[in-house]
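A look at the structure
Chain by chain, the residues:
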Amino acid sequence: YIKMSVTGIIQARLGSFRLPNKMLMDLNGSTLIEWVIRRTQKSKLIDSILVVIPNTKENDKLNDYIQSLGVTVFRGSEDDVLGRFYESCVNHSVDTILRICGDNPLVCPKELDRLISFYLSNDCDYAYNHIPKNNRYPDGFGAEICSFLTLEKIHLTASKADHREHIFNFIWDNQRDFNIKTFDDLECFLTLSKMFIVPDEILR
């Protein structure tokens, strides 16, 4: 396949209703967001990393913390997450978007690379391995990926609040207009039925 530049975009904020300030909570000696960043940095196929956060005063502390880790931050609308992503991609000339959820501390760099390789080797608009939908993956180990052109199409078309807040809901609600693909994990320990014990390899 033709190698394209891949940017890992981590979505994060402090204003969670169910668990406020969770991004900065300690998890075995590191904050939740640092776990996600450090594990994403272990990917061999991601060319750059952005963390996209709201431009509200509440998130100033999160902005300063992420920058102290040496990671680039882009700030935009809190409610229009799709707009925030799109603007970050325009600002940083992003070619291929790998969306990573900021509250998945066990995101696996091998699975991120597996998703990138799958996407670049297959003809599709959007691919994923972060949810157990038509595959054997459990929640939270992978990500979602699409081209900037696909993201731009969604940005220019989507108008419903749900489609602006959750950037790929538009694709799922209009599946006939997009070529969506996924795949099964190659490691048997990632299969849903095997997830009673998390192996050490995932935690490293």
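Quick summary incoming for the structure in this document.

So, how was this worked out
Residues numbered from 1 in each chain as written. Predicted model: local features only at pLDDT ≥ 70, side-chain atom pairs only at ≥ 80, totals over all residues. Heavy atoms only, no water. Pairing = 2+ DSSP bridges. Helix = DSSP H or I, 4+ residues; strand = E, 2+ residues; numbered from the N terminus. Contact = heavy atoms within 4.5 Å. Axes fitted to C-alpha atoms, helices over the stretch in contact; angles between N-to-C directions. Disulfide = S-S within 2.5 Å. Core = buried A, V, L, I, M, F, W, Y, C linked by side-chain atoms within 4.5 Å. Buried < 20%, exposed > 50% of the residue type's maximum accessible area, 1.4 Å probe, protein only. Parallel < 35°, antiparallel > 145°, perpendicular 65-115°, else oblique. Left-handed = near helix turned anticlockwise from the far one by under 90°. Nonpolar A, V, L, I, M, F, W, Y, C, P; charged D, E, K, R; others polar. Patch = residues over 30% accessible without salt bridge, like charges linked within 9 Å, V, L, I, M, F, W, Y side chains within 5 Å. Areas by Shrake-Rupley, 256 points an atom, 1.4 Å probe, with all protein chains shown as cover. Salt bridge = Lys/Arg side-chain N within 4 Å of Asp/Glu carboxyl O. Lys, Arg positive; Asp, Glu negative; His and termini not counted. Charge placed at Lys NZ, Arg CZ, Asp CG, Glu CD.

**Description of the sheet that holds strand 6 (residues 96-101)**
Each strand in a sheet pairs with another by means of backbone hydrogen bonds, the pair being arranged parallel or else antiparallel. Pairing in this open sheet of 7 strands is mixed, and the strands run 5-4-1-6-8-7-9 from one edge to the other. The sheet is open, and its two borders are formed by strand 5 (72-76) and strand 9 (180-181), each paired with just one other strand. Sheet analysis places strand 7 (residues 126-128) next to strand 8 (residues 144-147), joined by 3 bridges and oriented antiparallel. Looking at the pairing, Tyr 126 lines up with Cys 146 of strand 8. Strand contacts of helix 1 (residues 32-41): strand 1 (6-11), strand 4 (48-54) and strand 6, with the helix running at about 170 degrees to strand 1, the strand carrying the most contacts.

**Side note on the state of the cysteines**
Tallied over the full model, the rule gives 0 disulfides. Left unpaired, Cys 146 is separated from the closest cysteine sulfur, that of Cys 89, by 7.8 Å.

**Overview of the nonpolar core**
In this structure, Ile 66, Leu 98 and Ile 100 are the most contacted members of the largest nonpolar core, which totals 33 residues. When residues of this core are traced back to their parent elements, those giving at least two are strand 1, helix 1, strand 4, helix 2 (60-68), strand 6 and helix 4 (109-121). For this core, the element with the highest residue contribution is helix 4, accounting for 6 residues. Excluding anything up to four places from it in sequence, Ile 100 contacts Gly 8, Ile 9, Ile 10, Gln 11, Val 36, Thr 40, Ile 46, Val 107, Leu 112 and Ala 143. Val 81, Ala 158, Ile 167 and Phe 178 belong to the second-largest nonpolar core, a separate cluster that totals 24 residues.

**Observations concerning the packing of helix 3 (residues 81-91) against helix 5 (residues 148-157)**
Following both chains from N to C, one finds helix 3 and helix 5 inclined at 140 degrees, their axes separated by 10 Å at the closest point. With respect to helix 5, the element helix 3 is oriented oblique. At the point where helix 3 passes helix 5, the crossing takes the left-handed sense. Side by side, helix 3 and helix 5 meet where Leu 82, Gly 83, Phe 85, Tyr 86, Cys 89 and Val 90 of the first sit next to Phe 148, Leu 151, Glu 152, Ile 154 and His 155 of the second. Classifying every residue of the contact of helix 3 with helix 5 by side-chain character gives 8 nonpolar, 2 polar and 1 charged.

**Here's the deal with a negative patch on the surface**
Side chains of Asp 79, Asp 162, Glu 165 and Asp 173 sit close together on the surface and give a patch of like negative charge. Relative to the elements of secondary structure, Asp 162 occurs in helix 6 (residues 161-165). By relative accessible area, Asp 162 is classed as partly exposed at 37%.

**Focus: the environment of Leu 115**
Checked against the element boundaries, Leu 115 lands in helix 4. Given a relative accessible area of 0%, Leu 115 falls into the buried group. Remark: the alpha-carbon pair of Leu 115 and Ala 127, spanning 12 residues in sequence, is separated by 7.4 Å. With near-sequence residues (within four places) excluded, Leu 115 lies in contact with Leu 98, Ala 127, Tyr 128, Asn 129, Ala 143, Glu 144, Ile 145 and Phe 183.

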